[in-house]
Amino acid sequence: MAIKIHGRQLSFYVRTAMLAMSEMNVESEIIEDDMHSPEYLAKVNPFGKHPAVEFDDFILYESRAILRYVVTNYGGLHLLGSTPKEKAMVDQWFEVQGCYFDPPVRSIVLELYFFPKFEGRVPDVAVVEENLSKFEKLLNIYDAQLAKTKYLAGDFYSMADLAHIPMLHRFVASSGKESLVTSRKHVNAWYETITSRPAWKKIVEQYPDV
């Protein structure tokens, strides 16, 4: 039976849950329900957010918790690293993704893609410029790291790399600012590698970008 993922497939965070399942070859289905409905709040996620995932005996929400659970419980322990040092590096870059990568990239993509396309709003130039500056500095750090290792935590694909894919893909595909990624040799090579994985390509083929 397919595992149910509550949320809209265009969401970065829903796609993170989808990608976790895809990497582990776990069948899943998307349930595009109203996250603000009384039933959803009562039975699925009291915080009224997507995604939430129905496993056999419980419901789990928050994309990062979902990712870690799927990797841990469905045969993905190799994505967490093999040695204490590797595990620490995976944890470090997983936290970097959440603390330093997610906020500016999310803001940029919302302003330059989602708001204009789905809400008819004009981008807030000040917000865009502020976050582009933050992201550019961050990408310089990434490029320096990726000059030393093929992936963020070392020479192995990990949960830290996986967590970047949905949002970074949307930035490159839809922001009009993709040169920030493509102009950096090591970042671009990493981006091309992680987004070429069969698990991600399966999602993009199944749910083409709008």
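Residues numbered from 1 in each chain as written. Predicted model: local features only at pLDDT ≥ 70, side-chain atom pairs only at ≥ 80, totals over all residues. Heavy atoms only, no water.

The positions that UniProt labels "domain: GST N-terminal" (unreviewed entry) are, in the present scheme, residues 1-78. Counting secondary structure, residues 1-78 comes out at 37% helix and 18% strand; the distance between its end C-alpha atoms is 25 Å. (UniProt positions renumbered as here; feature names shortened; annotations may be inferred. Helix = DSSP H or I, 4+ residues; strand = E, 2+ residues; numbered from the N terminus.)

Here the structure, examined in full by the defined rule, presents 7 salt bridges. One salt bridge connects R197 with E23, and the closest N-O pair in it is separated by 2.7 Å. With R197 in the loop between α8 (185-194) and α9 (198-206) and E23 in helix α1 (residues 12-23), this residue pair connects regions lying 174 residues apart in the sequence. Owing to a relative accessible area of 24%, R197 belongs among the partly exposed residues under this scheme. Between R64 and E95 there is a salt bridge; the shortest N-O distance is 3.7 Å. A residue pair is termed long-range when its members are at least 10 positions apart, and R64 in helix α3 (residues 63-73) and E95 in helix α4 (residues 84-119) qualify at 31 residues. Under the relative-accessibility criterion, E95 is labelled partly exposed at 42%. (Salt bridge = Lys/Arg side-chain N within 4 Å of Asp/Glu carboxyl O. Buried < 20%, exposed > 50% of the residue type's maximum accessible area, 1.4 Å probe, protein only.)

This part is about α4. At F101, α4 shows its strongest bend, of approximately 50°, with the proline P103 following within four residues. Two residues or fewer after α4 comes G120, characterised by a positive phi angle close to 70°. (Bend = angle between axes of the 7 residues up to and from the residue.)

Across the sheet, which stays open at both edges, the 4 strands sit in the order β2-β1-β3-β4 with mixed pairing between neighbours. Every other strand in the sheet has two partners, leaving β2 (28-31) and β4 (59-61) as the edge strands with one partner each. Going from strand to strand, the sheet's axes swing by 25° on average, the running direction of each strand aside. Where strand β1 (residues 3-6) and strand β3 (residues 52-54) come together, 3 bridges link them in antiparallel fashion. (Pairing = 2+ DSSP bridges. Axes fitted to C-alpha atoms, helices over the stretch in contact; angles between N-to-C directions.)

Side chains that are nonpolar tend, in soluble globular proteins, to be buried together. Formed by 64 residues in total, the largest nonpolar core has its most connected members in F135, Y142, F171 and W190. For this core, the element with the most residues is α4, which contributes 12 residues. Formed jointly, this core draws a minimum of three residues from each of two domains, domain 1 (3-75) and domain 2 (84-197). Ignoring any residue separated from it by four or fewer positions in sequence, one finds F171 in contact with V105, I108, V109, L132, F135, K177, E178, L180 and V181. (Core = buried A, V, L, I, M, F, W, Y, C linked by side-chain atoms within 4.5 Å. Domains from an automatic or database assignment. Contact = heavy atoms within 4.5 Å.)

Moving on, we come to the packing of aromatic side chains. Here the structure, examined in full by the defined rule, presents 17 aromatic pairs. Consider the rings of F12 and F114, whose centres lie 5.7 Å apart with planes at 90°: the pair is edge-to-face. Taken as a pair, F12 in helix α1 and F114 in helix α4 lie far apart in primary sequence, 102 residues in all. One aromatic cluster is present, built from ring pairs that chain together W93, F101, F135, Y142, F171 and W190. Looking at R64, its charged tip hangs above the ring of F94, at a distance of 3.9 Å from the centre. Its guanidinium or amino end placed over the ring of F118, K117 lies 5.9 Å from that ring's centre, counting from NZ or CZ. (Phe/Tyr/Trp six-rings, centres within 6.5 Å; stacked < 30°, edge-to-face > 60°. Lys NZ or Arg CZ within 6 Å of the ring centre and 35° of its normal.)

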